[in-house]
Amino acid sequence: MTVWQDLTYVAELLGDDTVGLLFKARVGKFDAEGIDVLRFNDAGLIGEITVMVRPLTALQALAEAMRTALSAQSSTPLPGATVLGETSPT
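It is worth spelling out the packing of aromatic side chains at this point. Here the structure, examined in full by the defined rule, presents two aromatic pairs. Here Trp4 and Phe23 contribute two aromatic rings whose centre-to-centre distance is 5.4 Å and whose plane-to-plane angle is 65°, an arrangement assigned as edge-to-face. With Trp4 in the segment before strand 1 (5–14) and Phe23 in strand 2 (residues 18–27), the pair connects residues that are 19 residues apart, well separated along the chain. Taking the centre distance of 6.1 Å and the plane angle of 70° together, the rings of Tyr9 and Phe23 count as edge-to-face. Here Phe23 lies in strand 2 and Tyr9 lies in strand 1, a separation of 14 residues in the sequence. By relative accessible area, Tyr9 is classed as partly exposed at 44%.

What follows is the structure, given as structure tokens:
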């Protein structure tokens, strides 16, 4: 599933058990900036991932693109997803 275009990581922030990866990308016609925050557990494995995206217009476009992509992979449409021009019940 691909929803980002021109995804580029531009900086890395390091903490004791946390890494922040700053990125720039496009989703549809919107430019986006964001950060992937990776928190590692005691075993050194990723225990939690948080993704933040701005501005709001890019976040909304990302949510719609992901909903569409996930619905295409699923035999059951996701709530609120648009499939073939119809909206599934929520």
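The next point concerns the confidence of the model for the chain. With 81% of its residues at a pLDDT of at least 70, the chain reaches an overall mean of 86. Note on residues 82–88: pLDDT under 50 across the span, and twelve contacts to partners over four residues away in sequence or across chains.

About the criteria used
- Residues numbered from 1 in each chain as written.
- Predicted model: local features only at pLDDT ≥ 70, side-chain atom pairs only at ≥ 80, totals over all residues.
- Heavy atoms only, no water.
- Phe/Tyr/Trp six-rings, centres within 6.5 Å; stacked < 30°, edge-to-face > 60°.
- Helix = DSSP H or I, 4+ residues; strand = E, 2+ residues; numbered from the N terminus.
- Buried < 20%, exposed > 50% of the residue type's maximum accessible area, 1.4 Å probe, protein only.
- pLDDT = per-residue confidence, 0-100.
- Contact = heavy atoms within 4.5 Å.

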